[in-house]
Amino acid sequence: MTKISSQSITCPKCQHEGEFRMYETVNVTLDKSLRERVFSDDLFKWTCPECGETFTIVYPFLYHDMDNGFMIHFSHDDCESINEQYNELLTKFPGMRRSTYRTTNALVRLKEKILIFEAGLTDVAVELAKVFIKVDDAIKLTYKCSLVFQDLISGKGDSKKEFLVFKSFVNHEPQKGILLISREQYCQYVTIAQHEDFQLTRYCETINERWILSR
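Just so it is clear, the model here is predicted, and its values are computed rather than measured. (Residues numbered from 1 in each chain as written. Predicted model: local features only at pLDDT ≥ 70, side-chain atom pairs only at ≥ 80, totals over all residues. Heavy atoms only, no water.)

Asker: Hey, could you run me through the side chain of Lys111 in this one?
Answerer: Tracing the sequence through the fold places Lys111 in helix H3 (residues 107-118). Judged by relative accessible area, Lys111 falls into the buried class, the value being 16%. A polar atom in the side chain of Lys111 sits 3.4 Å from the backbone oxygen of Phe39. Contact partners of Lys111, with chain neighbours within four places excluded, come to Val38, Phe39 and Asp41. (Helix = DSSP H or I, 4+ residues; strand = E, 2+ residues; numbered from the N terminus. Buried < 20%, exposed > 50% of the residue type's maximum accessible area, 1.4 Å probe, protein only. Polar contact = N/O pair within 3.5 Å; in protein donor to acceptor, adjacent residues only side chain to side chain. Contact = heavy atoms within 4.5 Å.)

The structure is reproduced here in structure tokens:
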């Protein structure tokens, strides 16, 4: 279920106090409009009732998609603690393990995870793909760039080939163009992800490039 709490907010501009509704749990199966509100950042906007100024307030919450079978907990600085709490809980209650559990500390990564799981992809394989793309001399990406999965698309015309679409960012700024890998290439990364080095040892984990490189 969707869980909402209220918090008193002091406006940074006029110092007026107002109420801000925070979604502790966002269940997009029971309320599909919440998905778009996450992607538009509407869920994190607060408008001062006195001066009318709008501010962005980012807070931790759980994103739950029952239809696609995943839960993602967003937290700026507490992912490891959340992982430990969920793993303790899932160890005690095996029936809860039917869902995929992840944590992330950035909204852009939360949205990326949502798109990955909605497309029926494996995030370990997607993160592996990013690592291989960044070290490919033919692509020549900037060392400090980060890659974000954007979409799964089909080829034009009679082609039935599918491609994974990535966007590159440098210092959080989007770069020109997109990067594509075929479904066939992705399947190769799925095979690599099945190696014992990349098997998850916990039920809830923060899967990103750092996690891949640590293996």
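That shown, we press on.
Asker: What am I meant to see in the nonpolar core here?
Answerer: For soluble globular proteins, nonpolar side chains are generally found buried alongside one another. Counting 45 residues, the largest nonpolar core has Val26, Phe61, Tyr63, Leu110 and Phe166 as its most contacted members. The biggest single contributor to this core is helix H4 (residues 123-134), with 7 residues. Phe166 has contacts with Val126, Ala129, Lys130, Ile133, Val148, Phe149, Gln150, Ile178, Leu179 and Ile181, leaving out every residue within four places of it along the chain. Formed by 7 residues, the second largest nonpolar core is a distinct cluster that contains Leu62, Ile82, Tyr86 and Leu90. (Core = buried A, V, L, I, M, F, W, Y, C linked by side-chain atoms within 4.5 Å.)

Asker: Where do I start with unusual backbone geometry in this structure?
Answerer: Comment: phi is negative for the bulk of residues other than glycine, and the bulk of peptide bonds are trans. For Asp41, which is not a glycine, the phi torsion comes out positive at approximately 70°. Along the polypeptide, Asp41 turns up in the loop between helix H1 (33-39) and strand E3 (45-47). Given a relative accessible area of 24%, Asp41 falls into the partly exposed group.

Asker: Can you walk me through the packing of H3 against H4 in this structure?
Answerer: Two numbers describe a pair of packed helices, the interaxial angle and the distance between the axes. One can describe the packing of H3 onto H4 by two numbers: an axis separation of 10 Å at closest approach and a directional angle of 115°. As for how H3 packs across H4, the hand of that crossing is right-handed. Facing H3, whose interface residues are Arg109, Glu112, Lys113, Ile116 and Phe117, H4 presents Asp123, Val126, Glu127 and Lys130. By residue class, the composition of the contact of H3 with H4 is 3 nonpolar, no polar and 6 charged. (Axes fitted to C-alpha atoms, helices over the stretch in contact; angles between N-to-C directions. Left-handed = near helix turned anticlockwise from the far one by under 90°. Nonpolar A, V, L, I, M, F, W, Y, C, P; charged D, E, K, R; others polar.)

Asker: Mind showing me how you'd approach the pairing of strand E5 (residues 61-65) here?
Answerer: A regular strand places its side chains so that they alternate between the two faces of the sheet. Of all 5 residues in E5, 5 are buried, a share of seventy percent or more. What you see with E5 is no split at all: Phe61, Tyr63 and Asp65 on one side and Leu62 and His64 on the other are buried throughout. With 3 bridges joining them, strand E2 (residues 17-27) and E5 adopt parallel strand pairing. Within E5, the position partnered with Thr25 by the bridge is Leu62. Taken together, the 5 bridges between E5 and strand E6 (residues 70-74) define a ladder with antiparallel strand orientation. Across the sheet, the residue bridging to His64 is Met71, located in E6. Following E5, the chain reverses through 4 residues before pairing antiparallel with E6; Gly69 in that reversal takes a positive phi of roughly 70°. (Pairing = 2+ DSSP bridges.)

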